[in-house]
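Summary of the model geometry
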Amino acid sequence: MSVSDKAVLALCDEVWKWRLVESPEFASFCGFHQYDDAWDDVSEEAYKKREACIKEFLKKAEGIPTNSCSAEVALSYALLVDDLKQYLKGAQFKSYLMPINYLEGIHNNCNLTISYMKFDTEADFEKYISRLEKLPKRIEQVVTNLQKGIEENIVLHLRSVSRVPKQIDDMLKTPVEELEIFTPLQGDHPNVSKEKLESFQAEAKNLIISKVNPAFQTLKDFLENEYMKHLRQKEGISSLANGDEWYQQCLDYHLSYPMTPQQVHDLGLKEVGRIKQLILEAAKKEGLGENLPAILEAVVERQKSFFKTREEVLDYVKDLCYNKIRPRLAKLFKNLPDSQMTIIPAPEYMKNSPAGYYLGGTPDGSRKGIYYINNHNLEECYPYQLPALSLHEGEPGHHLQAEYALTATHLPDFRRYCEDMNYYLPPAKFALNTAYVEGWGLYSESLGEELNIYTDTFDLLGRYNFEIFRAARLVVDTGLHAFGWSKEQAVQYMTDNTLSVQSEMIKEVDRYITWPGQACAYKVGEIKFWELRHKAEAKLGSKFDVKEFHHRVLSCGSVPLHVLEHIVDKFIEETSSASGEGN
């Protein structure tokens, strides 16, 4: 290993370890438990200090001579520098002053963070108690940032925050023993004595009642009595100071590919038109109607009441994933990871989440990757939606994607782990590479056709609906944040151009208002995956191996789309050289 390689990898490691110290919540998520006694410092002062540290890291990086670096280390260097520069570019937009919404925030995230901890020894429980003791300060910082946001006119829209007081109130009314943050104290803990466990239970209960709940009550009161008076009047982020630049930076962050709002909008319109024709053609075969509202009505009529219980939904998805999809993956993939994902219902506090979502596991297997199924609203669970959903969230989607990255131990840690949290922070955040992550998920839905997962026209309509849904997002997200669309305009467009009911589209539009640019990443990323695959197929002809292609694009960890292009070009070049065909 060259001196340059060592210097680059040492800096990658230094930045990574600093990130874990700076974000104990992220560290817990990744399975690094040495910081389980602490919360992130989300104060404005902490963010300013982080920005200064990142500038120093960037200065150090730019001082490393990289001319003798190996190709893989040179790529890690480029990714690290790009990440640091992107963070600094986004830091001017103080998204940390909007640290809570109905989708996320300390009232929800505290449950997730506690669930990531390990509870094997007394020392683990002592960290848990310490974390509970510090939770009120973490909540207080949220109030302080929201107040600062009012002063600087960096505030949320009504649709983003109106449900939060009730969410907090529901939590406050729940008996302590039934709270998610108390769950770790339930059940068997063979390495902790009964007496000690009871002591931890009593201490935790007292902390929650006397310290944590009052802090959440203060947050709730502030939101209702003060913050709600100062919400931004228009849905789009562009209505804030420097809002147009803010939105462009959000697009740059999530897409990792240069596109203007107009380009994204036009791409969405084009894709909606194309996919709509596929839906109409498929529906015609079944006599389901000649327009989207009629088709939706016919599909719902045929599939309503298919599931009688929530357990039936879960069993259906498990059978689909374990018995139908998994056995067929070897057709398109090699070196499949052995780790089987867990499939469980979404917890009560996430009952307003999407139909399904995925959270990655840890490399040591102490926490499995989890595919959550939202089966809380039984009347909204239709079987035709579940194949595409499961391909996206499970395998070969996010689970396979996450497992490939975690097992790529030759890569620096910052390339193996995805900070799948705090979606309110972009663009002032380390890279999520959303277009790569979600683009792969949508690309995986389309692979269901090659894997013969879509067994009838209804399954195929579910796949097309998911795709047109992501295409319509391009139109609506840019409409809201760049072109002055109202919530009503956005909801109407989504309802008119997807196989979805209006009530669901209202929820979706609320999400786009809350996370500017995030919803655009899916379709842009999927299109890029297919563009690169078609390019490789055309260049390599009979030498193209889809298993090797998928291995290359997964084993690199999540990367910006322009880097993905470089990786595929290298794959084409190496395969061509190996076959003796040249370029």
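For the structure, see preceding data.
A short tour of the structure in this document, coming up. A quick note: this is a predicted structure, and the numbers were derived from the prediction, not measured. (Residues numbered from 1 in each chain as written. Predicted model: local features only at pLDDT ≥ 70, side-chain atom pairs only at ≥ 80, totals over all residues. Heavy atoms only, no water.)

**Some details on the packing of helix α1 (residues 3–22) against helix α3 (residues 44–62)**
Just so we agree on the cut-off: Between N-to-C directions, angles cover 0 to 180 degrees, with each direction set by a line fitted to C-alpha atoms, over the stretch in contact for helices. Numbering goes from the N terminus for both helices and strands, where a helix is a DSSP run of H or I of at least four residues and a strand is a run of E of at least two. Roughly parallel covers angles under 35 degrees, roughly antiparallel covers those over 145, roughly perpendicular covers 65 to 115, and oblique covers all other angles. In what follows, residue pairs with any heavy atoms lying within 4.5 Å of each other are defined as contacts.
The geometry of α1 relative to α3 is characterised by a closest axis approach of 11 Å and an angle of 175° between their N-to-C directions. One finds that α1 runs roughly antiparallel with respect to α3. On α3, the residues that touch L11, E14, V15, W18 and E22 of α1 are R50, C53, I54, F57, K60 and A61.

**Quick notes on the packing of helix α17 (residues 434–450) against helix α18 (residues 457–482)**
Convention followed: Note: crossing handedness is left-handed where the near helix turns anticlockwise from the far helix by less than a right angle, and right-handed where it turns clockwise. Three classes are used, and their members are as follows: Ala, Val, Leu, Ile, Met, Phe, Trp, Tyr, Cys and Pro are nonpolar, Asp, Glu, Lys and Arg are charged, and the others, Gly among them, are polar.
Where α17 contacts α18, the axes come no closer than 10 Å and their chain directions differ by 155°. Classified by the interaxial angle, the pair formed by α17 and α18 is roughly antiparallel. Note that α17 runs across α18; the crossing there is left-handed. For the pair α17 and α18, the contacting residues are L442, E445, S446 and E449 in the first and L460, R463, Y464, F466, E467 and R470 in the second. Split by residue class, the contact of α17 with α18 holds four nonpolar, one polar and five charged.

**Side note on the nonpolar core**
Quick reminder of the rule: To qualify as a nonpolar core, a set must consist of buried Ala, Val, Leu, Ile, Met, Phe, Trp, Tyr and Cys residues joined through side-chain atoms within 4.5 Å. Exposure is judged per residue with a 1.4 Å probe applied to protein chains only, and the accessible area is read against the type maximum: over 50% gives exposed, under 20% gives buried, and values in between give partly exposed.
In terms of nonpolar packing, the biggest core is built from 162 residues, with I106, Y128, F216, L219, Y227 and Y371 touching the most fellow members. The element contributing the most residues to this core is helix α9 (residues 194–225), with 11 residues. If we ignore the near neighbours within four places in the chain, the residues touching Y227 are L146, I150, I154, V155, L156 and F222. With 34 residues, the next largest nonpolar core counts L288, L461, A471 and A490 among its residues.

**Structural notes on the packing of aromatic side chains**
Going by this rule: Centres within 6.5 Å are what make two rings of Phe, Tyr or Trp a pair, Trp counting through its six-membered ring; a difference in plane orientation under 30 degrees is then read as stacked, over 60 as edge-to-face, and the rest as tilted. Counted as over-ring charges are cases with an Arg CZ or a Lys NZ within 6 Å of the ring centre that also lie within 35 degrees of the ring normal.
The full count for this structure, using the stated rule, is 29 aromatic pairs. Here Y357 and Y372 contribute two aromatic rings whose centre-to-centre distance is 4.8 Å and whose plane-to-plane angle is 15°, an arrangement assigned as stacked. Residue Y357 is located in strand β2 (residues 356–359), and its partner Y372 is located in strand β3 (residues 370–373); the two are separated by 15 residues in the primary sequence. Take Y357 and Y372: they sit in the same class, and that class is buried. Between Y382 and Y384, the ring centres sit 6.4 Å apart and the planes meet at 40°, which makes this aromatic pair tilted. Across the pair, Y384 and Y382 agree in class, each one buried. Over the face of the ring belonging to Y47 we find R50, whose NZ or CZ atom lies 4.9 Å from the ring centre. Above the face of the W39 ring, R131 is positioned so that its terminal group lies 5.2 Å from the ring centre.

**Examining the sheet that holds β3**
To keep it simple, the criterion reads: Should DSSP find at least two bridges between two strands, the strands are taken to pair.
Read across the open sheet, the three strands follow the order β1-β3-β2; overall the sheet is mixed. Each of the sheet's edge strands pairs with one partner strand only, and the pair in question is β1 (342–345) and β2. Neighbour-to-neighbour, the strand axes of the sheet open up by a mean angle of 25°, direction not taken into account. With four bridges joining them, β1 and β3 adopt parallel strand pairing. Bridge assignment links I344 to a residue of β3, and that residue is Y372.

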